[in-house]
Structure formats: structure tokens, C-alpha cells
Amino acid sequence: MKELKQYLEAGKIVNTQGLHGELRVESWCDSPAFLCGFRRLYWQPQGEPVRVLSARVHKSLALLRLEGVETVEQADRLRGRVLYFNRQDANLPQGRHFVQDLLGLEVVDADTGRSYGELTDLFKTGANDVYQVTDRRESGAKDYLVPVIDEVVIRIAPEEGKVYIRPIKGIFDDAD
């Protein structure tokens, strides 16, 4: 079973906005809007929380005002810092998971139990996400791409350390 991290990376401060300490944050969440939903963030995992005074989306960034950051000079010194959130503060819809919880899970056949490897990356393609599954059993590692669609991904079970799939022809075998 995979241990789930309590504090997850939310994004990185990339610049300042205006003269009153507002921060431009590159969101590492699904969207900047998700990041703007938090009322407290953390400078480090398990550290003291910092209150979010205001948050709004601007293009692809989250613009945040944080307690204790009141000038552009204070904000500029924070450039490059990573912000964290507590998973208990996040409200994920049923059936949704944090990417960090998925990475490292074993990908197995839902019908036979055959192991295909480890989920090592996730790509957002627009139409649907794609899992990268790495098989390290043979000489050298081999990567496979698995579409995240209902017909293929049957069940995601981080508590078991597994993702159950029903692969379509050509993913793991050499298609003619």
C-alpha cells in the first residue's frame, strides 16, 4: 500500500504583480482556479500555514495575496518558492485523485491480474489523459501509453497500490 502525502505541492511563485505584494503563482494543480480555492497554504510541508488574503485567476496563473507579504520587495524575495496545500483542505469530486497519489501505482489487468508495470507519468492531451506505464522487468525499461478512458481504466485503487485496466489491442502487444 502506498503512503499518501499529507502536504502536496501547489505551485511555484514565478513573479510579482503590482506594488502591494501580490504574487504570480504557476499552479501545479489541475487549474489556477483550483489553487485559488484555498484559504491557507504552506511555505513547507507540515509548516505553519499562511493565510490567503485574496486569490484570483489571471490567464494561466493564480494571483495570490498572502498574509505578511505587503510590498513588491517582500514579494520579489519569494520568487522561486514552492507553495504547498494540505490534502484535507482540498475537496476532490468522487473518483478523482491527486497525480502524486497515482504515480508509482502498479498497473494490473483487471481480468487476469497480470502486472504491466508501474504508472510513472500522466499526460493531459485534451481529449483524455494518458498514463505512462513503465515495465522494468525485462532488460531495460519499456514505456507504454494507456488512454484514461472508462473502457480501459476499470478502477483506481491507491489504497491497494494498484490501477486496474482492461487493455485494448495494441497497447502491450505488437499490433500487426
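A brief look at the structure comes next. (Residues numbered from 1 in each chain as written. Predicted model: local features only at pLDDT ≥ 70, side-chain atom pairs only at ≥ 80, totals over all residues. Heavy atoms only, no water.)

Quick notes on the overall build of the protein
Link 1 in the chain: Each helix and strand in the protein was counted, giving three helices and 12 strands.
Link 2 in the chain: Here the C-alpha coordinates of the protein stretch approximately 60 × 30 × 30 Å along the principal axes.
Link 3 in the chain: Going through the 176 residues of the protein one by one, you find that 39% of them count as buried.
Link 4 in the chain: In the protein, once contacts between residues fewer than 6 apart in sequence are set aside, the share between residues at least 24 apart is 49%.
Link 5 in the chain: For the protein, the computed accessible surface area is about 10,500 Å², with 45% contributed by carbon and sulfur atoms.
Link 6 in the chain: For the protein, the distance from the average position of its 24 positive side-chain charges to the average position of its 28 negative side-chain charges is 6 Å. (Helix = DSSP H or I, 4+ residues; strand = E, 2+ residues; numbered from the N terminus. Buried < 20%, exposed > 50% of the residue type's maximum accessible area, 1.4 Å probe, protein only. Contact = heavy atoms within 4.5 Å. Areas by Shrake-Rupley, 256 points an atom, 1.4 Å probe, with all protein chains shown as cover. Lys, Arg positive; Asp, Glu negative; His and termini not counted. Charge placed at Lys NZ, Arg CZ, Asp CG, Glu CD.)

Some words on the sheet that holds strand β12 (residues 162-165)
Link 1 in the chain: Spatial ordering of the open sheet is given by β10-β9-β8-β7-β12-β11, a layout of six strands whose pairing is mixed. The open sheet has two free edges, formed respectively by β10 (142-147) and β11 (153-157), since each of these has just one partner strand. Strand-to-strand twist in this sheet, taken as the mean axis angle between neighbours without regard to direction, amounts to 35 degrees.
Link 2 in the chain: Strand direction decides the pairing type here: strand β8 (residues 115-124) and strand β9 (residues 129-135), joined by six bridges, are antiparallel. Looking across to β9, one finds that Glu118 is bridged to Thr134. (Pairing = 2+ DSSP bridges. Axes fitted to C-alpha atoms, helices over the stretch in contact; angles between N-to-C directions.)

Focus: unusual backbone geometry
Link 1 in the chain: The phi dihedral of Gln46 is positive, around 65 degrees, even though this residue is not glycine.
Link 2 in the chain: Note on placement: Gln46 falls in the loop between β3 (40-42) and β4 (49-58).
Link 3 in the chain: According to the relative accessible area criterion, Gln46 is exposed, its value standing at 65%.
Link 4 in the chain: Despite not being glycine, Lys59 shows a phi value in the positive range, around 55 degrees.
Link 5 in the chain: Looking at the secondary structure, you find Lys59 in the loop between β4 and β5 (61-66).
Link 6 in the chain: Since its relative accessible area comes to 74%, Lys59 is described here as exposed.

Observations concerning the nonpolar core
Link 1 in the chain: Ranked by internal contacts, the top residues of the largest apolar core, which has 22 residues, are Val25, Leu35, Leu41, Leu64, Leu66 and Phe85.
Link 2 in the chain: When sequence neighbours within four positions are dropped, the list of residues in contact with Val25 reads Gly11, Lys12, Ile13, Leu35, Leu61, Ala62, Leu64 and Leu83. (Core = buried A, V, L, I, M, F, W, Y, C linked by side-chain atoms within 4.5 Å.)

Brief notes about the environment of Lys142
Link 1 in the chain: Tracing the backbone shows Lys142 in strand β10.
Link 2 in the chain: Each C-alpha atom, one on Lys142 and one on Gly117, is 9.1 Å from the other, the two residues being 25 residues apart in sequence.
Link 3 in the chain: In this view, Lys142 contacts Val133, Thr134 and Asp135; residues no more than four positions away in its chain are not counted.

A look at the packing of aromatic side chains
Link 1 in the chain: For the coordinates displayed, the defined rule picks out seven aromatic pairs.
Link 2 in the chain: Considering the side-chain rings of Phe34 and Phe85, the 6.3 Å spacing of their centres and the 75 degrees angle between planes classify their relative orientation as edge-to-face. Pair noted here: Phe34 is in helix α1 (residues 32-36) and Phe85 is in strand β6 (residues 82-86), with a separation of 51 residues, a long-range link.
Link 3 in the chain: Using a relative accessible area of 2% as the deciding quantity, one classes Phe85 as buried.
Link 4 in the chain: Between the aromatic rings of Phe85 and Phe98, the centroid separation amounts to 5.6 Å while the plane-to-plane angle is 50 degrees, which identifies the pairing as tilted. With Phe85 in strand β6 and Phe98 in the loop between β6 and α3 (99-102), this residue pair connects regions lying 13 residues apart in the sequence.
Link 5 in the chain: Among the aromatic residues, ring-to-ring pairing joins Phe34, Phe38, Phe85 and Phe98 into one connected group. (Phe/Tyr/Trp six-rings, centres within 6.5 Å; stacked < 30°, edge-to-face > 60°.)

Focus: the pairing of β12
Link 1 in the chain: Direction of pairing for strand β7 (residues 106-109) relative to β12: parallel, over a ladder of four bridges. Counterpart to Glu106 in the pairing with β12 is Lys162.
Link 2 in the chain: Where β11 and β12 come together, four bridges link them in antiparallel fashion. Paired with Val153 across the two strands is Ile165, which belongs to β12.
Link 3 in the chain: Counting the residues between successive antiparallel strands, the hairpin from β11 to β12 contains four residues, one of them, Gly161, with a positive phi of roughly 80 degrees.

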